[in-house]
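Each chain, written out:
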Amino acid sequence: MPNINQRAIQVEQTVWNLKPLFENDDDPRMDERRRIVEQISYEFITTWKERTDYLENPVILRQALDHYEAWKRLYGSDGDEGYYFWLRTQQNQNAPKLKAKFNKIEEFSKKIENDSQFFHLRIARIKPEVQKRFLNDNALTPYRHYLERIFVEARYHLSEPEEKILNLKSATSYSNWTKMTAGFLSKESRTVITEGGSRKPRTFTELLGLMNNTKKKVRASAAKAFNEILKSHVDSAEAEINSVLANKKTDDELRGALRPDTLRHLTDDIESEVVDALIDSVSKRFTISERYYELKAKLFNVRRLEYHERNMELSVVTKHYSYAKSVTLVHAALGKLDAQFADIFSGFLRNGQIDVYPRKGKDTGAFCIYHLLAQPTYILLNHTGKLHDVLTLAHELGHGINNELIRKKQHALDFGTPASTAEVASTFMEDFVLQEILREADDALRLAIMMQKLNDDVSSIFRQVACYRFEQELHSEFRKRGYLSKNEIGELFQKHMASYMGRFVEQSPGSENWWVYWNHIRYFFYVYSYASGLLISKSLQNSVKQERAFISRVKEFLSSGLSDSPKNIFLKLRIDIADKHFWNRGLDEVEKLLNETVLLAEKLGKINRR
Ligand SMILES: [Zn+2]
């Protein structure tokens, strides 16, 4: 095990240091640097625009791709200026001057993007027999998967004029419909009982939060209002969702996609057999989520939870974690895993890559961002000292560490992560840090934290998989019957929600309409990625706990970026993610946490021993 430096770490810089990009918003070097971006970009464009030899000769295609890669690595279409002003607008969202500068560079970049689009499009149109030859050619080895991704997507592309028509019509055939439902809901508000006991008007989003309130009266009042709102819009949502399903069916038929989820898997660079193995493994173990709700119902002393009560908190964790303390804690946890993880974090701290505290105008969320391979990673937080903030730090650092590992090993065209595994590193670090926190907590605090953690795991894994199966049946029933009424959709929805919640959550009257506001189902099969990221992470955690040396394989995976599909990357590490055992190891981790939580609740006398 590496040496752990347990000393408190000095944290001096808590606002981004953007000097590696520019000195300030009016840095006089900006114009000059923009001219260089333009010059380098058009050097690439003019070199290759009139040529076609690279579409036939692999050695020349290699030269073209090397040229493309070097451009994308250092300059891209917006250079440092685009990144700099994007970051500045996140720090201050109410500054028109920054917005204006960002828009200007966007406009500049759009033109270059359009002028360079030919390159990607022409490669996509390479004939299938030539594609095959290229994929096996040694000259193109470094770009093999990059080309593979383009070729596979191209299989589902229609002709240029057809694509253009679909594109022009997509607002009226799809997004206007979904925006309509979302728009109706977001305008709603109702007068409900608030925390203090008085009745006050609350918006649709606020109602969602109030349904988790620790006071029964507040929860019930919010749920009643929420269900009324959904009911009042269910007729228009029925028309909307039927159009959305019809449009998706047409698209799939035109493109030749065999399954409604084929194009999703393609976009995420994941094989359908891998997603199928995930969905199947999780569905077979819905008893885990059912047992979690049983425990929760017992802790709340009710026979069954109502549908809207499944996310309410056992008790609010009030322990305070200063940023300095959080940093020390997370640094030590990362160091225990691997010295390089802790070093990368130290580098972020030293170089001012983390913007820590909330400020007026600053983005209120948390993220980790990278742009070009040659530019630094930045992390934005809004640290207020809650337990959640410590975990957010660990989560975003997971993304950051992932970026740095990819940066060291991959070229600019493979710098990134597919959606299917984007959340592996983040949840991996988050879970290890949580274990450190649990180690120093007393029993009562441990129980509260473990229940909260299980709640998150159940929502990310079991609920999303149940939703995926709902989507599968929704599309197949629509394709069989041609139209689905609100009652039919509601029945289907309740069936799948009941399948993972089990006997201890009531499918309360009104909950049959909750699909109305679930916007993820409008993006088609996106929800599996919450489960895949977290379960891959948990399966890897399970292996690391059994054998510390396994961490080197985890690092190998985290360094791979877009260089191959997740399935092939793992196969090289002798791990088969199309095998159910892999997913079950991840599910074992959730079950273990559940068993520990049940024992702790019994020990504390909160529930009766079985
Ligand atoms: Zn994340």
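Residues numbered from 1 in each chain as written. Predicted model: local features only at pLDDT ≥ 70, side-chain atom pairs only at ≥ 80, totals over all residues. Heavy atoms only, no water.

### Observations regarding the coordination of the zinc ion
What counts here: Distances up to 2.8 Å from the metal define which N, O and S atoms are donors, and 3.2 Å serves for Na, K and Ca; water is absent from the atom set, so sites may look incomplete. Tetrahedral means four donors with every angle between 85 and 135 degrees, whereas square planar (four donors) and octahedral (six donors) require angles over 155 degrees between opposite donors and between 65 and 115 for all others; sites fitting neither are termed irregular. Strands are runs of DSSP state E lasting at least two residues, helices are runs of H or I lasting at least four, and both sets are numbered from the N terminus onward. To sort residues, take the accessible area from a 1.4 Å probe on protein chains only and compare it with the maximum for the residue type: under 20% means buried, over 50% means exposed, and anything in between is partly exposed.
Coordination of the zinc ion by the protein is provided by His-395 (NE2), His-399 (NE2), Glu-423 (OE) and Glu-423 (OE), with metal-donor distances spanning 2.1 to 2.6 Å. In this structure, the zinc ion is surrounded by four donor atoms whose angles at the metal cover 53 to 140°, and the resulting shape is irregular. Of note, the donors binding the zinc ion are all from one chain and are spaced H-x3-H-x23-E. Of this pair, His-399 sits in helix 15 (residues 387-409) while Glu-423 sits in the loop between helix 15 and helix 16 (424-439); the two residues are 24 residues apart in sequence, bridging distant segments of the chain. Overall, the relative accessible area of 15% leaves His-399 in the buried class.

### A short note on the packing of aromatic side chains
This is how the line gets drawn: For this analysis, a ring pair means two rings from Phe, Tyr or Trp (six-membered ring only for Trp) whose centres lie within 6.5 Å, classed as stacked if their planes differ by under 30 degrees, edge-to-face if by over 60, and tilted for the remaining angles.
Scanning all chains against the criterion turns up 36 aromatic pairs. Ring centres of Tyr-68 and Trp-71 lie 5.9 Å apart, and the angle between their planes is 65°; on these two criteria the pair is classed as edge-to-face. With Tyr-68 and Trp-71 both in helix 2 (residues 58-74), this residue pair falls three residues apart, about one helical turn. Its relative accessible area of 2% is what places Trp-71 among the buried residues. Among the aromatic residues, ring-to-ring pairing joins Phe-44, Trp-48, Tyr-54, Tyr-68, Trp-71, Phe-118 and Phe-119 into one connected group.

### Let's talk about the nonpolar core
Quick reminder of the rule: What is meant by a nonpolar core is a set of buried Ala, Val, Leu, Ile, Met, Phe, Trp, Tyr and Cys residues, joined one to another through side-chain atoms within 4.5 Å. When checking whether two residues touch, look at their non-hydrogen atoms; a contact exists if any pair is within 4.5 Å.
Core analysis: the biggest nonpolar cluster contains 133 residues, and Phe-462, Trp-515 and Leu-540 have the highest contact counts within it. Tallying contributions element by element places helix 17 (residues 443-481) first for this core, with 16 residues. If we skip the residues at most four places from it in the chain, Phe-462 touches Val-282, Arg-285, Phe-286, Ile-288, Ser-289, Asp-457, Tyr-500, Leu-587 and Val-590. Formed by 45 residues, the second largest nonpolar core is a distinct cluster that contains Met-30, Ala-64, Ile-126 and Tyr-378.

### Describing the sheet that holds strand 4 (residues 367-369)
So the rule is basically this: The pairing criterion is simple: DSSP has to find at least two bridges between the two strands. Axis definition: a line fitted to C-alpha atoms, limited for helices to the stretch in contact. Angles are taken between N-to-C directions and run from 0 to 180 degrees.
Reading across the sheet, the three strands line up as 3-5-4 and stay open at both edges, with mixed pairing between neighbours. The sheet is open, and its two edges are formed by strand 3 (354-355) and strand 4, each paired on a single side. Two elements, strand 3 and strand 5 (residues 378-380), share two bridges in a ladder whose sense is parallel. By the bridge assignment, Ile-354 is partnered in strand 5 with Ile-379. Contacts between helix 15 and the sheet are confined to strand 4 and strand 5, with strand 4 contributing the most and set at about 15° to the helix.

### Observations concerning the side chain of Asp-338
To keep it simple, the criterion reads: For this analysis, a polar contact is any N or O atom pair within 3.5 Å, provided that within protein one partner can donate a hydrogen and the other can accept it, and provided that sequence-adjacent residues contribute only side-chain to side-chain pairs.
With respect to the element layout, Asp-338 can be found in the loop between helix 13 (323-337) and helix 14 (339-350). Note on Asp-338: relative accessible area 12%, which makes it buried. Within the structure, Asp-338 has its side chain in polar contact with the side chain of Lys-555 (distance 3.0 Å). Discounting chain neighbours no more than four positions away, the residues touching Asp-338 are Ile-551 and Lys-555.

### Some words on the pattern of salt bridges
Working definition: two side chains of opposite charge can pair if their charged atoms are close together. How we decide: By convention in these notes, a salt bridge is any Lys or Arg side-chain nitrogen within 4 Å of a carboxyl oxygen on Asp or Glu.
Under the defined criterion, the tally for this structure stands at 59 salt bridges. Glu-240 is the salt-bridge partner of Arg-522, the closest N and O atoms lying 2.8 Å from each other. Taken together, the positions of Arg-522 in the loop between helix 18 (486-501) and helix 19 (528-546) and Glu-240 in helix 9 (residues 216-255) put the pair 282 residues apart, joining distant regions of the chain. With a shortest N-O distance of 2.6 Å, Lys-545 and Glu-589 are connected by a salt bridge. Of the two residues, Lys-545 is situated in helix 19 and Glu-589 in helix 22 (residues 580-603); the sequence distance between them amounts to 44 residues. On the basis of relative accessibility, which here comes to 7%, the residue Glu-589 falls in the buried class.

### Observations concerning the side chain of Thr-377
Inspection of the secondary structure assignment puts Thr-377 in the loop between strand 4 and strand 5. Since its relative accessible area comes to 0%, Thr-377 is described here as buried. Engagement of the side chain of Thr-377 in a polar contact is seen with the side chain of Glu-404, the distance being 2.7 Å. Within the structure, the side chain of Thr-377 is placed 3.0 Å from the side chain of Arg-407, a separation counted as a polar contact.

### Details of unusual backbone geometry
Within the chain, Asn-301 stands out as a residue other than glycine whose phi angle is a positive 60°. Relative to the helices and strands, Asn-301 is located in the loop between helix 12 (287-299) and helix 13. We note that Phe-525 has phi near 60°; this positive angle belongs to a residue other than glycine. Within the secondary structure, Phe-525 is located in the loop between helix 18 and helix 19.

### Considering the packing of helix 11 (residues 272-283) against helix 19
Operational definition: Geometric relationships in this document are graded by angle, where less than 35 degrees denotes roughly parallel, more than 145 denotes roughly antiparallel, 65 to 115 denotes roughly perpendicular, and other angles denote oblique. Here the nonpolar group is Ala, Val, Leu, Ile, Met, Phe, Trp, Tyr, Cys and Pro; Asp, Glu, Lys and Arg are the charged ones; every other residue, Gly included, is treated as polar.
Interaxial distance between helix 11 and helix 19 falls to 11 Å at its minimum, and their mutual angle equals 85°. The angle between the axes of helix 11 and helix 19 places the two elements in the roughly perpendicular class. Along its contact with helix 11, which presents Val-275, Leu-278, Ile-279 and Val-282, the element helix 19 presents Tyr-528, Ala-531, Ser-532 and Leu-535. The class makeup of the residues in the contact of helix 11 with helix 19 is seven nonpolar, one polar and no charged.

The quantities given are spatial measurements derived from coordinates; they are silent on function.
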